[in-house]
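Here's the letter readout for the chains.
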Amino acid sequence: PVVDMSNGICNYDVLLSLCEALKSNKSVRVIDLRSNRIDDKMSIALTNSLTENDSVEKIDLRGNTIGDVGHVALSEAAFNRLLEVVVDKKYEHFM
């Protein structure tokens, strides 16, 4: 199953709800969060929820405002879980 919350659907409160749901959901495989103004704080919250979820295989985060801190956290999660994280081209070296 795919969760598509792209193009401005996901604000901070919605992302926190998604993070909480991911802790117990074991069926979601792909999450599309493109173009949601996700920043470092939000990406770290997402990263933390992924420590309790091993079903998500791919997250698309292109078009967000994630800085270096968030990208480092996401790259560590990707490495530790063999998770595919899609980000903007300038940050591809993190993944």
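Caption draft 1: Quick look at the overall build of the chain. Helix and strand counts for the chain come out as three helices and four strands. Counting helices and strands in the order they occur from the N terminus, the chain gives β-α-β-α-β-α-β. Overall size of the chain, expressed as C-alpha extent along the three principal axes, is 30 × 30 × 20 Å. A total of 95 residues make up the chain; the buried ones form 43% of that total.

Caption draft 2: Geometry of the side chain of N64. Relative to the helices and strands, N64 resides in the loop between β3 (58–60) and α3 (68–81). A relative accessible area of 11% places N64 in the buried class. Polar side-chain contacts of N64 include one of 2.8 Å to the backbone nitrogen of N36. Reaching out from N64, the side chain makes a polar contact with the backbone oxygen of R62 at a distance of 3.4 Å.

Caption draft 3: Spotlight on the nonpolar core. Counting residues in hydrophobic clusters, the biggest one holds 23 residues, and the most contacted among them are I31, L33, V56, I59 and L61. Looking at this core, the elements that each hand over two or more residues are α1 (12–22), α2 (40–50) and α3. Residue contacts for I31: discarding those within four places in its chain leaves V3, L18, L22, V56, K58, I59 and D60.

Caption draft 4: Molecular detail of α2. Listed in full, the buried residues belonging to α2 are M42, S43, A45, L46, T47, S49 and L50. Tucked inside the fold, the buried residues of α2 contact α1, β3 and α3. The backbone nitrogen of K41 has a side-chain oxygen 3.2 Å away, supplied by the residue at the start of α2, namely D39.

Caption draft 5: Here's a closer look at the sheet that holds strand β1 (residues 2–4). An order of β1-β2-β3-β4 is seen for the four strands of this open sheet, with the pairing classed as parallel. The open sheet has two free edges, formed respectively by β1 and β4 (84–86), since each of these has just one partner strand. Going from strand to strand, the sheet's axes swing by 5° on average, the running direction of each strand aside. Pairing geometry for β3 and β4, over three bridges, is parallel. Residue pairing across strands places I59 opposite V85, the latter belonging to β4.

Caption draft 6: Inspection of the side chain of H71 at higher detail. Mapped onto the elements, H71 comes out in helix α3. Within the structure, H71 has its side chain in polar contact with the backbone oxygen of G67 (distance 2.8 Å).

Caption draft 7: Molecular detail of the packing of α2 against α3. Viewed as axis vectors pointing N to C, α2 and α3 meet at an angle of 15°, and their least axial separation amounts to 8 Å. Considered as vectors, α2 and α3 are oriented roughly parallel to each other. As for how α2 packs across α3, the hand of that crossing is left-handed. Note on element contacts: α3 touches α2 through D68, V69, G70, A73, L74, A77 and R81, opposite D40, S43, I44, T47 and L50. Looking at side-chain class alone, the contact of α2 with α3 contains six nonpolar, three polar and three charged residues.

Definitions and cut-offs
- Residues numbered from 1 in each chain as written.
- Predicted model: local features only at pLDDT ≥ 70, side-chain atom pairs only at ≥ 80, totals over all residues.
- Heavy atoms only, no water.
- Helix = DSSP H or I, 4+ residues; strand = E, 2+ residues; numbered from the N terminus.
- Buried < 20%, exposed > 50% of the residue type's maximum accessible area, 1.4 Å probe, protein only.
- Polar contact = N/O pair within 3.5 Å; in protein donor to acceptor, adjacent residues only side chain to side chain.
- Core = buried A, V, L, I, M, F, W, Y, C linked by side-chain atoms within 4.5 Å.
- Contact = heavy atoms within 4.5 Å.
- Pairing = 2+ DSSP bridges.
- Axes fitted to C-alpha atoms, helices over the stretch in contact; angles between N-to-C directions.
- Parallel < 35°, antiparallel > 145°, perpendicular 65-115°, else oblique.
- Left-handed = near helix turned anticlockwise from the far one by under 90°.
- Nonpolar A, V, L, I, M, F, W, Y, C, P; charged D, E, K, R; others polar.

Without other data, these values stay purely geometric and don't point to any function.
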